[in-house]
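# Coordinate analysis (summary)
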Amino acid sequence: MRLHIKNARIVDPASGRDGKGDLYIADGKISQEFSKADRTIDAKGLVAAPGFIDIAARLREPGLEYKATLASEMQAAIAGGVTSLACPPDTDPPLDEPGLVDMLRRRAKALEHARVYPVGALTVKLEGTRLTEMAQLAETGCVAFSQANATLADTQVLWRALQYAATFGFPVWLRAEDTWLAKGGVAHDGEIATRLGLPGIPSFAETIALSTLLELVRATRARVHICRLSTAGAVELMRAAKREGLPVTCDVGIHHLHLCDNDLGYFDSNCRLEPPLRSQRDRDALAAGLQDGAIDCVCSDHTPVDDDGKHVPFAEAEPGATGLELLLPLTLKWGEARRLPLAKSLAKITSDAARVLGVGSGKLAVGAPGDVVLFDPAASVRISAETLKSQGKNTPFLGYELAGRVRTTIVAGNVVHEG
Amino acid sequence: MQRNPQLNDAGELQHLLSIEGLPREILTQILDTAESFAGVTEREVKKVPLLRGKSVFNLFFEPSTRTRTTFEIAAKRLSADVINLNIAVSSQTKGESLLDTVANLSAMQADIFVVRHSSSGAPFLIARHVKSHEHVINAGDGRHSHPTQGLLDLFTIRHYKKDFSGLTVAIVGDVLHSRVARSLIHGLTTLGASEVRVIGPQTLLPTGVEALGVKVFRDMREGLRDCDVVVMLRLQNERMNGALLPSAQEFNKHYGLTAEKLALARKDAIVMHPGPMNRGVEIDSSVADGPHSVILPQVTFGIAVRMAVMSIVAGN
């Protein structure tokens, strides 16, 4: 398939390009100009950008199909312009065996949608006691190793896991949260949790765990990516760690850029997230940190939850929000609020995310993978149970109109979504 | 932020979920109505026909004797039919969800649900899913709120002190886990008490409690000085020995109300406790049974207050 996209506003964060032009895709790759195209798409009024890369999207397979299926969530991905995604290992069973990873990759590939990069479990069953066969898992396609939201309280195991991963140069992706300090908590420990009578998780549960992790990185030189920062203090620690030259990166979840504990309102269980939504001050520090590079990229932390998991009292609700289809609109909203040029905003879900994930996509250079999204930055999407393709309808933004509507999603030169 | 889910379009009380967010006028209306019912409870025939033909479902997902009983008495004095469900030992163990339970009871033509639940916010969830003619009254949710207890506390204070302005009220003990404390604090600040104090060790005071409009005291003697009202909170057994407190004895020594400590408060101070009391832990018997104690009148007033709340929501 030789594809010609004309009249687009081409925005390529990797090169800084932003201007009218034509884009050519041949043999699944971004190509030089050619004259005979199999299909020409007129993208007048649309932005052509590299397909989005979401480094945390739960597909719920294997084992959690009642919440969502690979088919439903891959539809959600391409509807949201996401052409590559990394899925955390917290499936049932967790991604701790090569056979499981292999099956997931085959099933995902058969759908011919977004590229799926499995993140393997760091410890067997995510129990935090025994290391997984990381080298074998890497051979079947795991791009990194993680505990997802499962705890790893034993710092001895953590140290050994980092040493072992560093031996092979495997990246380790970890949340920074002290198991004991977070125990039983469901909301940011502050004025709002106090008013609502919800058990709190103090900010220092994150900064203490992060300090421990950074010290272990100094000792092991393991490549560590910190997932889902939630506090201003953690942003500061990451900024310092990078200045020091530690091999660390980090991300923030899309919801934490926009919401804070105030948004819990009257116990809105859609705002029950991990990590918890924190104070306004934390939210502002996260938004600023993403802009200045203390935080590398943003992800949806997509977590489809069924109604049974959310139509319960707040503390009993299953944490998480659906996010694949909100990644673009909420990234644009963040960039708009900070008056960033479009390329700067999009970098956080393209080139910067590609760098963290260690893949060659996320750019429009000739020879790069032919993953492209065409979207209308001005047209709005209504976030509702009916419009969301994801099986999870759980989002604090239900009922919102958000700007940024994906029109066409192209993976490896194939048009996989038109809306 | 959504609009207050307790109020209907006319701004009247549709459900009673929390004292927080209720305007002074509604609190006063409830207290005044309770005043008028206080007489009923002393009559030979203790019934008024205000809720005749209505069904009140007592939905207790957490065990309770006193609160459930006073709600039952209050509903019966209003001539309602009362159905008590001890859900802690029925459908929940069969795996039925909270909302399914409520939907089933709603199909049995309920008018008022009185709900107690161990999870903060559970009555809000129920209120969002009931039919428009149904009313939810929170009888205690987690650590969050216990509005009828807060109202009966306010009623008691008003009964003995007449007016809230100029009053200094101290709330002592386990504020962290106390829905009673949260409700009373909101009520007192709304009705204009001049100073609300909380007294306790840092382990039992929630983060940012000052933002509720209270003054924090670690030293009980200092905190009791010149108080008009002393409210002692119950200390749950399971919190007495662990990371929060070393022992009941040490707690009693520093935060238990004794006659000697009470002497630091005003001469005409009243002592309150939501019950059940741990004598010798948060309160000494000499104080609980002494001349300053209004603990038993609180229970009596509780019936009138619950009658008031049920009659008001049912009338809106």
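Our structure's up above, just so we're on the same page.
Definitions and limits used
- Residues numbered from 1 in each chain as written.
- Chains lettered and ligands numbered in written order.
- Predicted model: local features only at pLDDT ≥ 70, side-chain atom pairs only at ≥ 80, totals over all residues.
- Helix = DSSP H or I, 4+ residues; strand = E, 2+ residues; numbered from the N terminus.
- Buried ≥ 20, exposed ≤ 12 C-beta atoms within 10 Å, placed from the backbone.
- Contact = placed C-beta atoms within 7 Å.
- Expected span 1.5 Å × (residues − 1).
- Bend = angle between axes of the 7 residues up to and from the residue.
- Nonpolar A, V, L, I, M, F, W, Y, C, P; charged D, E, K, R; others polar.
- Pairing = 2+ DSSP bridges.
- Axes fitted to C-alpha atoms, helices over the stretch in contact; angles between N-to-C directions.
- Core = buried A, V, L, I, M, F, W, Y, C linked by C-beta atoms within 7 Å.

## Observations concerning the overall build of chain B
Along its length, chain B carries 11 helices and 9 strands. Over its C-alpha atoms, taken along the principal directions, chain B stretches across nearly 55 × 40 × 40 Å. Evaluated residue by residue, chain B yields a buried proportion of 50% over its 316 residues. Pairs at least 24 residues apart make up 76% of the contacts formed inside chain B by residues separated by at least 6 positions.

## A word on helix α11 (residues 295-315) of chain B
Across its 21 residues, α11 of chain B extends 31 Å between first and last C-alpha, which sits within 8% of the 30 Å expected from 1.5 Å per residue. Along α11 of chain B, the helix axis deviates most sharply at phenylalanine 301 of chain B, where the bend reaches about 25°.

## Structural notes on the interface of chain A and chain B
With 19 residues of chain A in contact, the opposing surface of chain B contributes 26 residues. Class assignment of the residues belonging to the side of chain A that touches chain B gives a composition of 8 nonpolar, 6 polar and 5 charged.

## As for helix α5 (residues 147-161) of chain B
Residues that lie three or four places apart on an α-helix share one face, since the helix turns once every 3.6 residues. Residue and element names in this part refer to chain B. The terminal C-alpha atoms of α5, which comprises 15 residues, lie 20 Å apart, in line with the 21 Å expected from a rise of 1.5 Å per residue. The complete set of buried residues in α5 reads Pro147, Thr148, Gln149, Gly150, Leu151, Leu152, Asp153, Leu154, Phe155, Thr156 and Ile157. Looking one or two residues past α5, lysine 162 carries a phi angle of roughly 70°, positive in sign.

## Let's talk about the sheet that holds strand β9 (residues 144-146) of chain A
All names here are of chain A. Ordered in space as β6-β7-β8-β9-β10-β13-β14-β15, the 8 strands form an open sheet in which the pairing is parallel. At either margin of the open sheet sits one strand with a lone partner, and together these are β6 (52-54) and β15 (297-299). Averaged over all adjacent pairs, the angle separating strand axes in this sheet is 25°, with direction ignored. In this sheet, strand β7 (residues 82-87) lies alongside β6 in parallel orientation, the contact comprising 3 bridges. Of the residues in β7, the one forming a bridge with aspartate 54 is leucine 85.

## Focus on the environment of isoleucine 171 of chain B
Residue and element names in this part refer to chain B. Checked against the element boundaries, isoleucine 171 lands in strand β5 (residues 168-172). Assessed through the 26 C-beta atoms surrounding it within 10 Å, isoleucine 171 is described here as buried. For isoleucine 171, the contacting residues outside a window of four places in its chain are Ala181, Leu184, Ile185, Arg197, Val198, Val231 and Leu233.

## Description of the nonpolar core
Ala48, Phe145, Val172, Leu213, Ile226 and Met238 of chain A are the most contacted members of the largest nonpolar core, which has 121 residues in total. Here this core takes 7 residues from helix α7 (residues 204-220) of chain A, the largest share from any one element. Here methionine 238 of chain A is in contact with Ile226, Leu229, Val248, Cys250, Ala294 and Ile295 of chain A, once residues within four sequence places are set aside. Formed by 116 residues, the second largest nonpolar core is a distinct cluster that contains Leu151, Leu154, Val180 and Val281 of chain B.

## Some details on the sheet that holds strand β4 (residues 135-141) of chain B
Residue and element names in this part refer to chain B. Spatially, the 4 strands line up as an open sheet ordered β2-β1-β3-β4, and their pairing is parallel. Single-partner strands in this sheet number two, and they are β2 (81-86) and β4. In this sheet, neighbouring strand axes are inclined to one another by 15° on average, regardless of whether the strands run parallel or antiparallel. Summarising the sheet, strand β3 (residues 112-117) and β4 pair through 5 bridges and their orientation is parallel. Bridge assignment links valine 114 to a residue of β4, and that residue is isoleucine 137.

## What about unusual backbone geometry?
Residues apart from glycine generally show negative phi values, whereas peptide bonds are mostly found in trans. That bond from glutamate 61 of chain A to proline 62 of chain A is cis: its omega, 0°, falls within 30 degrees of zero. In this structure, proline 62 of chain A sits in the loop between β6 and α1 (70-79). The amide bond that connects glycine 275 of chain B to the next residue, proline 276 of chain B, takes the cis arrangement and shows omega of -10°. A positive phi angle is found at phenylalanine 267 of chain A, which is not glycine, with a value near 65°. Turning to its location among the elements, phenylalanine 267 of chain A is positioned in the loop between β14 (248-253) and α9 (280-292). A tally of 27 C-beta atoms within 10 Å means that phenylalanine 267 of chain A is categorised as buried.

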